[in-house]
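Geometric and topological summary
Listed below, chain by chain, are the residues.
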Amino acid sequence: MATVIPTGLYAQNEPAVQKVKVVRGIPYCQIYYPDRDKMEKLCFDFYTPETPSDVARPLVITVFGGGFTLGSRDYEDMVAWCNRFAEVGYAAASIDYRLMKAAKFSSKSLIRTGYMAAQDVSAAVRFFKANCKQYNIDTNRIFLLGQSAGAVAILHALYMDENERPKETFEEPMLSPLHSTGTPEALNEKFSVAGVVSLWGCIFSPDMIDADENTPVCLIHGGKDKILPVDSGFAFSIPGLPYAYGSQVIADRLKKLGTSSFEFHLLEQESHAFYFKYLCIYQLDALKFDNCFQIAREFMRRKGGEP
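Residues numbered from 1 in each chain as written. Predicted model: local features only at pLDDT ≥ 70, side-chain atom pairs only at ≥ 80, totals over all residues. Heavy atoms only, no water.

1. Here we look at the sheet that holds strand S6 (residues 195–199)
Spatially, S1-S2-S4-S3-S5-S6-S7-S10 is the arrangement adopted by the 8 strands of the open sheet, whose pairing is mixed. Strands at the two margins of the open sheet, each flanked by one partner only, are strand S1 (20–33) and strand S10 (262–267). Neighbour-to-neighbour, the strand axes of this sheet turn through a mean angle of 15°, independent of strand direction. Of the strand pairs in this sheet, strand S7 (residues 217–222) and S10 are connected by 6 bridges, and their pairing is parallel. Within S10, the position partnered with Ile220 by the bridge is His265. Packed on one face of the sheet, helix H2 (residues 107–130) meets S1, strand S2 (38–49), strand S3 (57–63), strand S4 (91–95) and strand S5 (137–147) and runs near 125° to S1. (Pairing = 2+ DSSP bridges. Helix = DSSP H or I, 4+ residues; strand = E, 2+ residues; numbered from the N terminus. Axes fitted to C-alpha atoms, helices over the stretch in contact; angles between N-to-C directions. Contact = heavy atoms within 4.5 Å.)

2. Let's talk about the packing of H2 against helix H4 (residues 149–159)
At their nearest, the axes of H2 and H4 sit 8 Å apart, and the two run at 70° to each other. Compared by their axis directions, H2 and H4 come out roughly perpendicular. Every residue of H4 that contacts H2 at Ala117, Ala118 and Val121 is listed here: Ala153, Ile154, His156 and Ala157. For the contact of H2 with H4, the residue count by class is 6 nonpolar, 1 polar and no charged. (Parallel < 35°, antiparallel > 145°, perpendicular 65-115°, else oblique. Nonpolar A, V, L, I, M, F, W, Y, C, P; charged D, E, K, R; others polar.)

3. Thoughts on unusual backbone geometry
Backbone geometry at Phe68 places phi at a positive 65°, although glycine is not the residue there. Following the sequence through the fold, Phe68 ends up in the loop between S3 and helix H1 (76–87). What makes Phe68 buried here is its relative accessible area of 5%. Even without being a glycine, Ala273 presents a positive backbone phi close to 50°. Inspection of the secondary structure puts Ala273 in the loop between S10 and strand S11 (276–278). (Buried < 20%, exposed > 50% of the residue type's maximum accessible area, 1.4 Å probe, protein only.)

Next up, the structure:
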């Protein structure tokens, strides 16, 4: 059954929509960029309600999609996610992460770049934990939300242990352990989050999900996804690219391990990144986006993230 939460579900007892303040281009990490053979800064855009708060806010960190070759923190959907969350009282941050050149697109490059993106997600989380007072963040209520490649990054940041790293990541000598990058103050922080929202994401192996990894997870996926299949198959439906295990396999694995802190929303008639009207134009379908927002927000509320 498709899970669709109607628009307007929160009309009752909904906080008044707040004006949003945005600060753009704040550095959170300086990291080696293999495709450019140099160190570069990664930045985030920070969204908060315009009205100050004496209480630390929950934070949603959003991670864009684009096949690890393109994308931006100011993609239309990332802006929409951050604005919507900030309007109702969250802080939100849309982050950069390292991409590969399209000319180098291959199975090995996808795996390595996915690993680097997971490193960058971890660095962002630990940056906010280290600087929580400056940004008025409740470190017990940090959530991750990613779509497509962004979802792949957050799932691997969550589930991958050092001994589970793909062999391809060791072929690039400058790649360090997963949670070892970031600003000096972030290096003292442990990666942990209150919950994860994965929009049509996947992992490279379900075996990396261990019984003691019980962070709440919300999985949203279209049943007709041919880019990252809801069950399993080659990425982009191209043999030779990495074999991907989608939300159905992840949910089955979590269920088998006895984990109850997950939910799986299968939208059977939808394809990849279905809240875009046209995948290559990135224009949002307002109703479909709103349905995803309501699912994500209700999940966060159930996991203690209500502003």
